[in-house]
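Observations on the three-dimensional arrangement
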Amino acid sequence: AVDLRGKTVLVSAAAQGIGRASALEFARQGATVHAIDINEVRVRTLEAEHEGIKTHKLDVLDDTAIQTLVKKIGAIDILFNCAGIVLNDTILNVDMENFDFAFDLNVKSMVRMIRFVLPGMLARGEGSIINMASVSACTRGVPNQFTFGTTKAAVIGLTKSVAAEYVGQGIRCNAICPGVVDTPSLEDRLRSTGDYEAARESVIASLPMGRIGTPEEVASLVVYVAGATYATGQTYVIDGGLTM
Ligand code: NAD
């Protein structure tokens, strides 16, 4: 367990999946959590699930809204940039509008959040930033994940760059690289194949542990890395042995 009492955490994409599980785990470790999502109704349900969680409707594509919220919150000790979209495509069938949108959501949203949160961290001489990447960019290429892999590779680049720039000023910045995790968006992707059961079975068959990971398993790593005071500029793979 990591003692996060007295710490303030900002988590994006907190209405469901890994972001939600992480907001809850941060709260369990004693932190005050600001959980944000564009899905206001769903993110709000977190408030009743654990004390210490405040929720906000926020679109991570909206600079002004981010700036206003960060000002309102005040000191932020830990920032978990979790928002991101998974797309299935190849370099030859990529839709460039989707590519731009994915870059905006998966990469530029993190740039926006960090640009607004980092000055406060630097002023206090302390801060931990966690960015959500993926195993499909960190250690391997994955077919049919061209846009996704490209954006998540950029997340790793920005993570290492921020880490290197501010390592002497009390700032740490790390990335999490999950494999396949059982979240609502994974369910949607499996359903969209037209044969949910076969798609799920084929995913499970590709996983050495013989099962899909849970959001809670990833959340425990997110919280651990957030509090790992000697770690920066790293990518933490959690993939059930997929890339072992
Ligand atoms: P998810 O995709 O099921 O949910 C994403 C959440 O993000 C939703 O609540 C949605 O409302 C919110 N969101 C979308 N656009 C937003 C915006 N513009 N502003 C604010 N919130 C917005 O959750 P997940 O599957 O846990 O994915 C979370 C992160 O983990 C993503 O970055 C994803 O790429 C990454 N990831 C997921 C997997 C997986 O297998 N599920 C694997 C590797 C990496």
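Preceding this section is the structure that the text describes.
This text gives an overview of the structure that appears in the document. No experiment lies behind these values; they were computed from the predicted model shown.

1. Regarding helix H7 (residues 146–166)
When the terminal C-alpha atoms of H7 are compared, their 31 Å separation across 21 residues agrees well with the 30 Å that a helix rising 1.5 Å per residue should span. Those residues of H7 lying buried are Thr147, Phe148, Gly149, Thr151, Lys152, Val155, Ile156, Leu158, Thr159, Val162 and Ala163. Where H7 is buried, its residues meet helix H5 (96–124), strand S5 (127–132), helix H6 (135–138), strand S6 (171–178) and strand S7 (235–238).

2. Remarks on helix H10 (residues 215–226)
Because an α-helix packs 3.6 residues into every turn, residues spaced three or four apart end up facing the same way. Taking 1.5 Å per residue, twelve residues should reach 16 Å; H10 reaches 16 Å between its end C-alpha atoms and fits that length. For H10, the full list of buried residues reads Pro215, Val218, Ala219, Leu221, Val222, Val223, Val225 and Ala226. Looking at the packing, one finds that the buried side of H10 touches helix H1 (17–28), strand S4 (78–81), S5, S6 and S7.

3. Quick notes on the nonpolar core
Judged by nonpolar contacts, the single largest core of 60 residues is most densely connected at Leu10, Phe26, Val33, Phe80 and Ile129. In this structure, Leu186, Leu190, Leu207 and Ile212 belong to the second largest nonpolar core, which totals six residues.

4. Some thoughts on the pattern of salt bridges
Side chains bearing opposite charge may pair, as long as their charged atoms lie close to each other. In this structure the tally under the stated criterion is twelve salt bridges. Here Glu49 and Arg20 are joined by a salt bridge, their closest N and O atoms 2.7 Å apart. Of this pair, Glu49 sits in helix H3 (residues 46–49) while Arg20 is found in helix H1, placing the two residues 29 residues apart along the sequence. A relative accessible area of 14% means that Arg20 is categorised as buried. For Arg44, the salt bridge goes to Glu40, with nearest N and O atoms at 3.4 Å. Pair noted here: Arg44 and Glu40 are both in helix H2 (residues 40–44), with a separation of four residues, about one helical turn.

Scoring rules and cut-offs
Residues numbered from 1 in each chain as written. Predicted model: local features only at pLDDT ≥ 70, side-chain atom pairs only at ≥ 80, totals over all residues. Heavy atoms only, no water. Helix = DSSP H or I, 4+ residues; strand = E, 2+ residues; numbered from the N terminus. Expected span 1.5 Å × (residues − 1). Buried < 20%, exposed > 50% of the residue type's maximum accessible area, 1.4 Å probe, protein only. Contact = heavy atoms within 4.5 Å. Core = buried A, V, L, I, M, F, W, Y, C linked by side-chain atoms within 4.5 Å. Salt bridge = Lys/Arg side-chain N within 4 Å of Asp/Glu carboxyl O.

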